[in-house]
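Reading the structure
Here is what each chain is made of, one letter per residue.
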Amino acid sequence: MANPWAGEVEVTLDGVGHRAKLTLGALAELEAELQAATMVDLVKRFEAGALSARDVLAVIVAGLRGCGWNGRATDLMTVEIGDSPFAAARLAGELIARAFALPAAGPGG
């Protein structure tokens, strides 16, 4: 189960839950994949809503890899991510938001 206090998101692949998190290494991989010059450029791209399906897939792959998954984008070409493409886009947005959110107090404090 994903821990939102640690920046994790639960990603469901063909009905099976996986943890995903954009670690610094995962963000570096994502920058290279999406040819973003900086992390700020990456965030601006998502804030502008200028997303392609490839962008969404790249974010999800980077997040899964940030939690130890060893697959590649091609491994997800025939996998149902969430319950729709919109769910996948929402998950990608959540990963980006949690990666750049200021630390908050966890449960109980």
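Just above sits the structure.
A brief look at the structure comes next.

Thresholds applied
- Residues numbered from 1 in each chain as written.
- Predicted model: local features only at pLDDT ≥ 70, side-chain atom pairs only at ≥ 80, totals over all residues.
- Heavy atoms only, no water.
- Helix = DSSP H or I, 4+ residues; strand = E, 2+ residues; numbered from the N terminus.
- Rg over C-alpha atoms; globule rule 2.2 N^0.38 Å.
- Buried < 20%, exposed > 50% of the residue type's maximum accessible area, 1.4 Å probe, protein only.
- 1 Å grid on protein atoms, 1.4 Å probe; cavity = no way out; pocket = protein on both sides within 12 Å on 5 of 7 lines; lining within 4 Å.
- Points joined across faces, edges and corners; volume = space filled by probe spheres on them.
- Nonpolar A, V, L, I, M, F, W, Y, C, P; charged D, E, K, R; others polar.
- Contact = heavy atoms within 4.5 Å.

Moving on, we come to the overall build of the chain. Along its length, the chain carries four helices and two strands. When its helices and strands are written in sequence order, the chain yields β-β-α-α-α-α. By the compact-globule yardstick of 13 Å for 109 residues, the chain fits well, its C-alpha radius of gyration being 13 Å. Overall, the C-alpha framework of the chain stretches about 40 × 35 × 25 Å when taken along its three principal axes. Evaluated residue by residue, the chain yields a buried proportion of 33% over its 109 residues.

A volume near 300 Å³ is recorded for the largest pocket. Taken together, 13 residues make up the lining of the largest pocket; nearest its centre are A53, V56, I81, P85 and A88. Among the elements of the structure, α3 (53–66) and α4 (85–100) are those that each provide at least two residues to the lining of the largest pocket. Looking at the lining of the largest pocket element by element, the count peaks at four residues for α3. Per-class residue counts for the lining of the largest pocket are eleven nonpolar, one polar and one charged.

Turning our eyes to something else, we now look at the environment of M1. Checked against the element boundaries, M1 lands in the segment before β1 (9–13). Owing to a relative accessible area of 90%, M1 belongs among the exposed residues under this scheme. Placed ten residues apart in sequence, M1 and V11 show a C-alpha to C-alpha distance of 9.7 Å. Discounting residues that sit within four places of it in the chain, M1 has contacts with E8, E10 and R19.

Before going further, it helps to examine unusual backbone geometry. In this model, D14 sits at a positive phi of 50 degrees, which is unusual for a non-glycine residue. Relative to the elements of secondary structure, D14 occurs in the loop between β1 and β2 (16–20). A positive phi angle is found at Q35, which is not glycine, with a value near 55 degrees. Positionally, Q35 belongs in the loop between α1 (24–34) and α2 (39–47).

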